[in-house]
Amino acid sequence: CLPANQERFANGKLVTVQFHPSAQVVMTAGHDRSVSLFQVKNFNLCYVDGIRNPKIQSIYLESFPIYKACFSVDGEQVIATGTHHKMFFVYDMMSGSIIPIEKVRGVEERFLKNFEVSPDGSFMLLTGTSGYLHLLSMKTKELISTMKVNGRCTASAFTPDSSKIYSYSKEGEVFIWDVRSRKCLHKFEDEGSLEGKCIAVSKNNQYVACGSASGVVNLYTTDVCLKENHPKPVKAIMNLVTSATCVTFNPTTEILAVASREADEAVKLV
């Protein structure tokens, strides 16, 4: 297959590549301050008749190197955060308008970079500094509540039904939150973790994967995580020799991808 973004290669590091939730469109975004959309025809077949992968649109955010961009669950919006900004942008794909969210009332953060969107499309979770997690309404982008973990939060993940949040701290602890009450239901220590880096919950809610700075990815069953303070992983994946910076399950929970951005081609499928 030809490069999906061959009609507009980025002038800087790409930080996001994501397929649209329902259309045959792929999005790229990165440090060159741009978000680009490309049509990718028949990417799920053994041949590609979209030889050109035509560019649909590019938007440019002046003085805003992108840290992360993500489609909304309905595919009508793109949310983009910057590398050193406390504001973020919402691109409305239906109207073509770019909406700057200059300030979220009640959120006092110097930078807003990492975020997650809940699978049901209702919530946006902003990762703040000093362990603060800010839960926003996806519809209004207004603050609903703020939660706090001990230490510094490095990664979070919603459960598939959007009822819980797993937050991974730099100190290697995982906090489990109830979204409705915003109360901490339980916390456990990731075995052997010196520094937490990334976390993922499988689509069938059976497993939780925690990736640490040592490169080890621990795989737990969710029922054990909710009961024990020092759960034993069902598997410790040792294939990475640099920090595990990305873990994600495939939709059928048969494959776990683990990766490190600190080394070339450091991607393993388990």
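As the structure is a prediction and not an experimental result, all values here were calculated from the model. (Residues numbered from 1 in each chain as written. Predicted model: local features only at pLDDT ≥ 70, side-chain atom pairs only at ≥ 80, totals over all residues. Heavy atoms only, no water.)

Some remarks on unusual backbone geometry
Positioned with a positive phi, S63 is a non-glycine residue whose angle comes to about 55°. Tracing the chain through its elements places S63 in the loop between strand 4 (55–60) and strand 5 (66–71). The phi dihedral of N205 falls on the positive side, at around 65°, and the residue is not glycine. Locating N205 in the fold gives a position in the loop between strand 17 (196–201) and strand 18 (207–212). On the basis of relative accessibility, which here comes to 32%, the residue N205 falls in the partly exposed class. (Helix = DSSP H or I, 4+ residues; strand = E, 2+ residues; numbered from the N terminus. Buried < 20%, exposed > 50% of the residue type's maximum accessible area, 1.4 Å probe, protein only.)

Details of the nonpolar core
Within the largest apolar cluster, 16 residues are counted, with the highest numbers of intra-cluster contacts made by M27, V35, I66, A69 and V78. Of all elements in the fold, only strand 2 (25–30), strand 3 (34–39), strand 5, strand 6 (77–82) and strand 7 (88–92) reach the threshold of two or more residues within this core. Sequence-distant contacts of V35, defined by excluding residues within four places in its chain, comprise M27, T28, A29, Q57, S58, I59, I66 and V78. Formed by 14 residues, the second largest nonpolar core is a distinct cluster that contains C70, I79, F88 and M124. (Core = buried A, V, L, I, M, F, W, Y, C linked by side-chain atoms within 4.5 Å. Contact = heavy atoms within 4.5 Å.)

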